[in-house]
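One letter stands for each residue in the lines below.
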Amino acid sequence: MTDAPFHDTGYKALFSLPELVQQLIEGFVTPDIAQLLDFSTLELVAGSFVTPAMQSREEDVVWRVKMADTMLYLYLLLEFQSTPDAAMPVRMVQYVAALYDSLIKEKRVDPRRLPPVLPVVLYNGERRWRVATDIGEVIECPPVLRVYQPRLRYYLLDEGAYSDHELAAVRNVVAGIFALENAEGKEEALAVVRRIGEALQALPNRERIDRVLTQWVKRYLQRVHPGAMMAVEETLETGEGTMLATNVQKWAEALLREGVQQGLQQGLQQGMQQGVHRGQHEGKLWALRQLLRVRFPEADLTPYQSRLDAATDAELERLLTKAATAATLEEVFATP
């Protein structure tokens, strides 16, 4: 489901954009926190942080933002392993301590008055997250010692735990990114990409965001659906205007062409025992039905069943061509 190097680098680019960080917090972190933040003051904190175990966290993203009369440090930890890490509570203590240590050494803060940190774990793995979100929950000790134990809670964003309905209700680019990660098929993924494109139109600095977002979407589709995007590779590099909006239809056509070709191939294979001609005919009929279900999922094919059954090879080829571009099912079957 996941590819850690791809996600770490891709998500770091996405969440190095202040507009997407704001959408992440407003859409998925408790409103009690989001409403106190002045997002116009978002500032990316440069540098990497080293834990006591000397493990660099260069793939994570740290922002600071004004919160009432103080500055909040937002530590966004990108966690894209296939399964949750049971050591995350300990790791997070290390990372936050390393952040404080770095800020003190660089004289950015007074060690006697440390600013607050909001640690956020952004996770997308095959299994849902069942690991403790506070180190205090995993320390076993007598009650008399409890007051002396460390406490640190992180805010968990488990992408796969959100339903399609919940993500659709948020209606922003970040929700679209999560939904794309959860999409189970090419057609569903493409519908989500369209939704991302629509949400993108409402953002300021759209062109700058579009460049980063389009490259991420392209790489995602290439990784999850290899070969499907090869036909539009050049347009992705040279497209003008809003690239995501400009190219989404080309992506749709490429996916549809791939689906038609797969349908023809499967139909031919299934029909080999009935003769070459019969296999070609069944392949075209199968591909047409699949294409119609993808293009018009809510439409009823029953009124056209007899026409499909009686269609010649030439008629099936004409209907396949129309089905790829027609706006409605009725338009596909309209008499020439």
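Report follows, based on the coordinates. (Residues numbered from 1 in each chain as written. Predicted model: local features only at pLDDT ≥ 70, side-chain atom pairs only at ≥ 80, totals over all residues. Heavy atoms only, no water.)

1. What to know about the overall build of the protein
Scanning the protein from N- to C-terminus turns up 14 helices and five strands. Within the span of the protein, comprising 336 residues, buried residues form 45% of the whole. For the protein, the share of sequence-separated contacts (at least 6 apart) that also reach a separation of at least 24 residues comes to 65%. With the model as given, the accessible surface of the protein reaches about 17,400 Å², and the carbon-plus-sulfur share is 52%. (Helix = DSSP H or I, 4+ residues; strand = E, 2+ residues; numbered from the N terminus. Buried < 20%, exposed > 50% of the residue type's maximum accessible area, 1.4 Å probe, protein only. Contact = heavy atoms within 4.5 Å. Areas by Shrake-Rupley, 256 points an atom, 1.4 Å probe, with all protein chains shown as cover.)

2. Side note on the side chain of Glu-159
Relative to the helices and strands, Glu-159 resides in the loop between strand E5 (155-158) and helix H5 (164-170). Although Glu-159 lies buried, it forms no salt bridge, and the closest oppositely charged side chain, Arg-128, sits 8.1 Å away as judged by the N-O distance. In terms of polar contacts, Glu-159 uses its side chain to reach the side chain of Tyr-11, at 3.0 Å. Those residues in contact with Glu-159 that lie beyond four places of it in its chain are Tyr-11, Phe-80, Leu-122, Tyr-123, Asn-124, Phe-178, Glu-181 and Asn-182. (Lys, Arg positive; Asp, Glu negative; His and termini not counted. Salt bridge = Lys/Arg side-chain N within 4 Å of Asp/Glu carboxyl O. Polar contact = N/O pair within 3.5 Å; in protein donor to acceptor, adjacent residues only side chain to side chain.)

3. Some thoughts on the packing of helix H6 (residues 173-182) against helix H8 (residues 206-224)
It is at 11 Å that the axes of H6 and H8 come closest, and there the two elements cross at 10°. In terms of orientation, H6 lies roughly parallel with respect to H8. Mapping the contact onto sequence places Val-173, Ile-177, Leu-180 and Glu-181 in H6 and Leu-213, Trp-216, Val-217, Tyr-220 and Arg-223 in H8. Taken together, the residues that form the contact of H6 with H8 break down as seven nonpolar, no polar and two charged. (Axes fitted to C-alpha atoms, helices over the stretch in contact; angles between N-to-C directions. Parallel < 35°, antiparallel > 145°, perpendicular 65-115°, else oblique. Nonpolar A, V, L, I, M, F, W, Y, C, P; charged D, E, K, R; others polar.)

4. Considering the packing of aromatic side chains
Counted according to the given criterion, the structure contains nine aromatic pairs. Aromatic side chains Tyr-162 and Phe-178 sit 6.4 Å apart centroid to centroid with 20° between the ring planes, which places their arrangement in the stacked category. Separated by 16 residues along the polypeptide, Tyr-162 in the loop between E5 and H5 and Phe-178 in helix H6 bring together distant segments of the chain. For Phe-178, a relative accessible area of 0% translates into the label buried. An aromatic cluster is built from Tyr-11, Phe-15, Trp-216 and Tyr-220, whose rings are joined through pairwise contacts. (Phe/Tyr/Trp six-rings, centres within 6.5 Å; stacked < 30°, edge-to-face > 60°.)

5. A word on helix H13 (residues 313-323)
Taken together, the buried positions of H13 are Asp-313, Glu-315, Leu-316, Leu-319, Leu-320 and Ala-323. One side of H13 carries all its buried residues, which in axial view fall inside an arc of 155°. Among the exposed residues of H13, those pointing more than 90 degrees away from its buried face are Ala-314 and Thr-321. (Arc of directions from axis to C-beta.)

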